[in-house]
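The primary structure of each chain is shown beneath.
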Amino acid sequence: MLLWFVATAWLAVWIVLHDRTFDYRLLAAGALLPDIIDGLTGGIGVMHSVVTSIGLLVAVILVTFGRRPIRRRLLAIPFGTFLHLVFDGAFNNTKAFWWPIAGGAGDNRSLPSFERGVVSVGLELIGAVILWWWWKRFALAVPDHRAAFWRDGHLPANV
């Protein structure tokens with residue numbers, strides 16, 4: 001699944017922060033990161049653990065100490081991984097969600113995105129509708145707006 005995670009992460013951050021200068025590109029990358037990494041390693045694993053997302057958040061904070069602009073930008077990645085866990089329902093798999101505290105990293109189960117079957121198609125359609133709204137709401141059909149969004153990850157200020 002792609003559209004579901006990107007759309008829900010963007011919408012959640014927009015609803016909570018209303019921040020046009022947030023880097024929505026890095027948020028999307030963070031929202032996709034758990035399925036990309038765990039998918040490449042054969043199934044639900046450490047990226048679907050809240051402990052990993054917390055570790056990523058702490059790492060960003062420590063590495064960017066005293067460099068607020070880069071910290072502000074890079075925080076989008078762990079925000080995305082946390083939101084992935086929420087919108088993937090990762091908390092339903094206790095062992096994976098609380099790895100290494102609760103044991104194994106998922107007992108070699110496939111990713112939740114694949115376990116849902118046809119429901120994932122519906123979620124992707126919902127994601128497509130949210131992204132269509134995003135496109136319209138922030139006038140991304142305007143070439144300058146779209147170029148700025150892809151260049152900086154920021155939303156246009158004048159819409």
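Residues numbered from 1 in each chain as written. Predicted model: local features only at pLDDT ≥ 70, side-chain atom pairs only at ≥ 80, totals over all residues. Heavy atoms only, no water.

Caption draft 1: The overall build of the protein chain, seen in detail. When you go through the protein chain residue by residue, the secondary structure sums to nine helices and zero strands. In sequence order, the protein chain lays out its α and β elements as α-α-α-α-α-α-α-α-α. Radius of gyration (C-alpha) of the protein chain: 16 Å, near the 15 Å computed for a compact globule of 159 residues. Each principal axis of the C-alpha atoms in the protein chain carries an extent, and together these give about 50 × 45 × 25 Å. Scored against the burial criterion, the 159 residues of the protein chain give a buried share of 41%. Residue pairs at least 24 apart in sequence account for 67% of intrachain contacts in the protein chain once pairs closer than 6 positions are excluded. (Helix = DSSP H or I, 4+ residues; strand = E, 2+ residues; numbered from the N terminus. Rg over C-alpha atoms; globule rule 2.2 N^0.38 Å. Buried < 20%, exposed > 50% of the residue type's maximum accessible area, 1.4 Å probe, protein only. Contact = heavy atoms within 4.5 Å.)

Caption draft 2: Geometry of the nonpolar core. Formed by 22 residues in total, the largest nonpolar core has its most connected members in Trp10, Tyr24, Leu27, Trp134, Phe149 and Leu155. Looking at this core, the elements with two or more residues in it are helix H1 (3-17), helix H2 (24-40), helix H5 (76-88) and helix H8 (118-137). Excluding residues that lie within four positions of it along the chain, Leu27 makes contacts with Ala9, Trp10, Val13, Phe22, Ala76, Phe79, Gly80 and Leu83. (Core = buried A, V, L, I, M, F, W, Y, C linked by side-chain atoms within 4.5 Å.)

Caption draft 3: Structural view of the side chain of Asp35. As for its position among the elements, Asp35 is in helix H2. An unpaired buried charge is present at Asp35: no salt bridge exists, and Arg116, the closest side chain of opposite charge, is 6.2 Å distant. (Lys, Arg positive; Asp, Glu negative; His and termini not counted. Salt bridge = Lys/Arg side-chain N within 4 Å of Asp/Glu carboxyl O.)

Caption draft 4: Just a nonpolar patch on the surface, in detail. Where nonpolar side chains cluster on the molecular surface, the patch consists of Val118, Val119, Val121 and Leu125 and spans about 390 Å² of accessible area. Following the sequence through the fold, Val121 ends up in helix H8. (Patch = residues over 30% accessible without salt bridge, like charges linked within 9 Å, V, L, I, M, F, W, Y side chains within 5 Å. Areas by Shrake-Rupley, 256 points an atom, 1.4 Å probe, with all protein chains shown as cover.)

Caption draft 5: Up close: the pattern of salt bridges. Enumeration over the complete set of coordinates arrives at five salt bridges. Residue Arg72 pairs with Asp19 through a salt bridge whose shortest N-O separation is 2.4 Å. With Arg72 in helix H4 (residues 68-74) and Asp19 in the loop between H1 and H2, this residue pair connects regions lying 53 residues apart in the sequence. By relative accessible area, which is 14% here, Asp19 ends up buried. Between Asp88 and Arg116 there is a salt bridge; the shortest N-O distance is 2.9 Å. Of this pair, Asp88 sits in helix H5 while Arg116 sits in the loop between helix H7 (112-115) and H8, placing them 28 residues apart in sequence. Look at Arg116 and you get partly exposed, because its relative accessible area is 22%. Connected through shared salt-bridge partners, Asp23, Arg25 and Arg73 make up one network.

Caption draft 6: Here's a closer look at the packing of aromatic side chains. As enumerated under the stated definition, the model contains 13 aromatic pairs in all. Where Trp4 meets Phe87, the ring centres are 6.0 Å apart and the plane angle is 90°; that geometry is what we call edge-to-face. Placement of Trp4 in helix H1 and of Phe87 in helix H5 is noted, with a sequence separation of 83 residues between them. Look at Phe87 and you get partly exposed, because its relative accessible area is 25%. Ring pairs connect the aromatic residues Trp10, Trp14, Phe22, Tyr24, Phe79, Trp133, Trp134, Phe138, Phe149 and Trp150, which therefore count as one cluster. (Phe/Tyr/Trp six-rings, centres within 6.5 Å; stacked < 30°, edge-to-face > 60°.)

Caption draft 7: Representation of the confidence of the model for the protein chain in the model. For the protein chain, per-residue confidence averages 92 on the pLDDT scale, and 97% of positions sit at 70 or higher. For the protein chain, the element scoring lowest by mean pLDDT is H7, at 83; H1 scores highest, at 98. (pLDDT = per-residue confidence, 0-100.)

Caption draft 8: Representation of the packing of H2 against H5 within the structure. Where H2 meets H5, the closest approach of the two axes is 7 Å, and the angle between their N-to-C directions is 50°. When the interaxial angle is binned, H2 and H5 end up oblique. The two elements H2 and H5 meet at a crossing, and its hand is right-handed. Touching Leu26, Leu27, Gly30, Ala31, Leu33, Pro34 and Asp35 of H2 are Ala76, Ile77, Phe79, Gly80, Thr81, Leu83, His84 and Asp88, all from H5. Tallied by class, the residues present in the contact of H2 with H5 amount to nine nonpolar, four polar and two charged. (Axes fitted to C-alpha atoms, helices over the stretch in contact; angles between N-to-C directions. Parallel < 35°, antiparallel > 145°, perpendicular 65-115°, else oblique. Left-handed = near helix turned anticlockwise from the far one by under 90°. Nonpolar A, V, L, I, M, F, W, Y, C, P; charged D, E, K, R; others polar.)

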